[in-house]
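Results of the structural survey
These are the residues of each chain, in order.
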Amino acid sequence: MSATRRLASLALAGLLVGGAEAQDFGAERARMVAEIDATYADTRTLTGFAAMSPRVRAAMAKVERHRLVGSGQQALAYRNHPLPIGHGQTISQPYIVALSTDLIVPEPHMVVLEVGTGSGYQAAVLAEVVKQVYSIELLAPLGREAASRLKEMGYANIEVRIGDGYKGWPEKGPFDAIVVTAAAPTIPPALVEQLKPGGRMVIPVGASGDVQRLLVVTKAADGSVGQREVLPVRFVPLVPGK
Ligand code: SAH
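Anyway, here's the lowdown on the structure attached to this text. Quick caveat, the model's predicted, so the values are computed rather than measured.

Points about the pattern of salt bridges
Enumeration according to the criterion identifies nine salt bridges in this entry. For lysine 196, the salt bridge is made with aspartate 176, and the minimal N-O distance between the two is 3.1 Å. Linking lysine 196 in strand β7 (residues 195-205) with aspartate 176 in strand β6 (residues 175-180), this pair joins segments that are 20 residues apart in sequence. Residue aspartate 176 is classed as buried on the basis of its relative accessible area, which comes to 15%.

Brief notes about the site of the ligand
Around the ligand sit 27 residues in total, of which Glu114, Ser119, Glu137, Gly165 and Val239 are the nearest. A distance of 2.6 Å separates an oxygen atom of the ligand from a polar side-chain atom of serine 119. In this structure, glycine 165 approaches the ligand through a main-chain N or O atom, which is 2.7 Å from a nitrogen atom. A total of 580 Å² of accessible area belongs to the ligand in isolation, and the protein chains cover 99% of it.

Some details on the packing of aromatic side chains
Across all of its chains, the model carries four aromatic pairs by this definition. Measuring from centroid to centroid gives 5.2 Å for tyrosine 134 and tryptophan 169, while their planes differ by 65 degrees, and the two rings are edge-to-face. Of this pair, tyrosine 134 sits in strand β4 (residues 132-137) while tryptophan 169 sits in the loop between β5 (158-162) and β6; the two residues are 35 residues apart in sequence, bridging distant segments of the chain. Taken individually, tyrosine 134 and tryptophan 169 each receive the classification buried, so the pair is uniform in this respect. Three or more aromatic residues joined by ring pairs make a cluster, and in this case those are Tyr134, Trp169 and Phe175. Stacked on the ring of tyrosine 121, the Lys or Arg arginine 65 has its end atom at 4.9 Å from the ring centre.

Quick look at the environment of aspartate 210
For aspartate 210, the position within the fold is in the loop between β7 and β8 (212-219). Taking C-alpha positions, aspartate 210 is 20 Å from histidine 87, a pair spaced 123 residues apart along the chain. Aspartate 210 has contacts with Val233 and Arg234, leaving out every residue within four places of it along the chain.

Focus on the pairing of β7
If a strand is regular, its side chains alternate between the two faces of the sheet. Strand direction decides the pairing type here: β6 and β7, joined by four bridges, are parallel. When the bridges of β7 are listed, phenylalanine 175 appears paired with leucine 195. In this sheet, β8 lies alongside β7 in antiparallel orientation, the contact comprising six bridges. Within β8, the position partnered with proline 204 by the bridge is leucine 214. Counting the residues that bridge the hairpin from β7 to β8 gives six residues, and of these glycine 206 lies at a positive phi of roughly 150 degrees.

A short note on the sheet that holds β7
Ordered by their spatial adjacency, seven strands build an open sheet running β5-β4-β3-β6-β7-β8-β9, and the pairing between neighbours is mixed. Each having just a single partner strand, β5 and β9 (225-233) make up the two edges of the open sheet. Strand-to-strand twist across the sheet, computed as the mean angle between neighbouring axes with direction ignored, equals 15 degrees. Against the sheet, helix α5 (residues 121-129) contacts β3 (111-115), β4, β5 and β6, and its axis sits at roughly 170 degrees relative to β3.

Cut-offs used in this document
Residues numbered from 1 in each chain as written. Predicted model: local features only at pLDDT ≥ 70, side-chain atom pairs only at ≥ 80, totals over all residues. Heavy atoms only, no water. Salt bridge = Lys/Arg side-chain N within 4 Å of Asp/Glu carboxyl O. Helix = DSSP H or I, 4+ residues; strand = E, 2+ residues; numbered from the N terminus. Buried < 20%, exposed > 50% of the residue type's maximum accessible area, 1.4 Å probe, protein only. Near = heavy atom within 4 Å. Polar contact = N/O pair within 3.5 Å; in protein donor to acceptor, adjacent residues only side chain to side chain. Areas by Shrake-Rupley, 256 points an atom, 1.4 Å probe, with all protein chains shown as cover. Phe/Tyr/Trp six-rings, centres within 6.5 Å; stacked < 30°, edge-to-face > 60°. Lys NZ or Arg CZ within 6 Å of the ring centre and 35° of its normal. Contact = heavy atoms within 4.5 Å. Pairing = 2+ DSSP bridges. Axes fitted to C-alpha atoms, helices over the stretch in contact; angles between N-to-C directions.

Pasting the structure below:
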């Protein structure tokens, strides 16, 4: 085979592979969304949501999860289960990401705090449905990696900070909603303080290594705080910062 022909066939193979991959990820995302639909239906009595809201569904169908999972994990990116992202941390199950987003009842004008950036996937899904996302990550390498990938993906409405999520991000608050993606033994008071009246916080509460309860904490217009238990979950622990 001549060098020119070899190059031409390589280029063609590249094109075909590239095209097939792009298509497969779209199809895989559609399959993932269908699985989340089924899980919503199964858990409707617990969550009160028979189906994803249309905006959250569109976000789940759009966000390129394969660009946020670790290298070598792309093939598993659209399975409806958690995946390791290094440093002993995990990217949450897509169903839990969708549900957490629905539980804050997202609206386009909202400013949202996320605690536990991890891979950046939950932040990306939130960024599709609200105005601005602030996300805090304790582990600097994870936070930096997520911030740079999110920027590459074009998200201009996500700001990532390295810090201790127990303290929230008071300079940017108060927030319309807060999504905590690591389990706390109790609800951190600083986060309740940084919630606007009328705001909602989704947070897994319970001992680490155990099954926790996913709670929706609400702050009424008069400042009184209530909570509703949604369903049992298993998250990595919210580690106390130094
Ligand atoms: N939302 C993430 C999932 C993150 S797993 C995603 O979509 O991929 C929980 C994350 O919380 C981990 O990255 C962990 O390092 C981080 N974390 C643990 N304790 C924390 C703390 N005190 N403050 C901020 N982040 C914390």
